[in-house]
Amino acid sequence: VTSEEEVIGKDDFAVYPHGTAAKFYADDKAVIESRVPVINREESFIDKGGKEHWLLTSKIPFHSEDGAIIGLIGIGRDITEYKKVQLSLEQERNHLRTLMDSLPDLIYFKDAEGRYILNNKAHLHSLGKENQEEVIGKTTFDFNPPELAQKYHEDEEQIIRTGKPMVDREEVAYHKDTGEQRWHLTSKFPIKDSSGNIVGLVGISRDITIRKKVEEELWKTHED
C-alpha cells in the first residue's frame, strides 16, 4: 500500500496471505490476552508476491487510562538482508565442519589463552571425547601429561607472541583415547582478527607413527 488510509480499519487477513495473517493474528491475540509483550522476536513471513521477509518484532499491549487493554503496539524492523548473510555464514560453517570432520588429520582451533574453541572429530577422539561441548574452554593440560602439555603450551605462546607459524614439526603426541604415544607431523598458524591482532591459532596434526617406525627399522638395519 502507499497510504495509511488504505489499511486503517483492516486486519492482517486483508493485507497478508492467509497463513501469514493467521500467525500474526494468533500472536496479537496472545499478547492481548496474556498482557505479556513480545520483545525482539525474529520471525519470517511471506508477502502476497511470494517473497520471504524477516522481521525483528516487538508487540506491546496498549492500555487505556483506566488500565484496560484496548489493543497493541507493534514494531517490526526489517532484518531480511541480515538473515540472508547469517544463513549464508551458517551454510559456510556447515560446509567447513563437514570438510574438517571428513579428514583423518587432527584439526583444532584455540583462543589466545590456549583454550579450545573448535575441534574436528579426529581430534576429539584423540582426546578421548565424543562431543565438542566436552572440550570447549579446556586446554592441552587437561588431556596430556604435564611435561608434554607444557611443551605444547610454550610452542603456542611463542606463535601468539611472534605471529610466526610452526610448520611440519615432527613431535611426540599422546592419544588419551588409547593411552598410546604416537608421532605427529604438526603445523600451527596464528589467527588474526580484522584489525590484524592475533586472537588464537589453528593446529593441524597428521599421524606419522607408522612412517616413524619404518624409519627406525631402516636405521636399525643400516646400523647392523
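For the structure itself, consult the block above.
Small disclaimer: the values here were computed from a predicted structure and weren't measured. (Residues numbered from 1 in each chain as written. Predicted model: local features only at pLDDT ≥ 70, side-chain atom pairs only at ≥ 80, totals over all residues. Heavy atoms only, no water.)

A. A look at empty space enclosed by the protein. In total, this model carries 1 cavity of 30 Å³ or more according to the counting rule given. Along its surface, the largest cavity is lined by 19 residues, and Y108, H123, N144, Y152 and H184 are the ones closest to its centre. Those elements giving two or more residues to the lining of the largest cavity turn out to be β4 (106–111), α3 (121–126), α4 (146–162), β6 (166–175) and β7 (180–192). Per-element accounting of the lining of the largest cavity gives the leading share, 4 residues, to β6. Within the lining of the largest cavity, the residues separate by chemical class into 7 nonpolar, 8 polar and 4 charged. (1 Å grid on protein atoms, 1.4 Å probe; cavity = no way out; pocket = protein on both sides within 12 Å on 5 of 7 lines; lining within 4 Å. Points joined across faces, edges and corners; volume = space filled by probe spheres on them. Helix = DSSP H or I, 4+ residues; strand = E, 2+ residues; numbered from the N terminus. Nonpolar A, V, L, I, M, F, W, Y, C, P; charged D, E, K, R; others polar.)

B. Structural detail: the sheet that holds strand β5 (residues 116–119). Read from one edge of the open sheet, 5 strands run β5-β4-β8-β7-β6, paired in antiparallel fashion. The open sheet has two edge strands, β5 and β6, and neither has a second partner. On average, each strand axis in the sheet is tilted by 30° relative to the strand beside it, whichever way the strands run. Pairing between β6 and β7: 8 bridges, direction antiparallel. Within β7, the position partnered with A173 by the bridge is R182. With respect to the sheet, helix α2 (residues 80–102) is in contact with β4 and β5, its orientation differing from that of β5 by roughly 75°. Here α4 sits on the sheet in contact with β4, β6, β7 and β8 (198–207), set at roughly 155° to β6. (Pairing = 2+ DSSP bridges. Axes fitted to C-alpha atoms, helices over the stretch in contact; angles between N-to-C directions. Contact = heavy atoms within 4.5 Å.)

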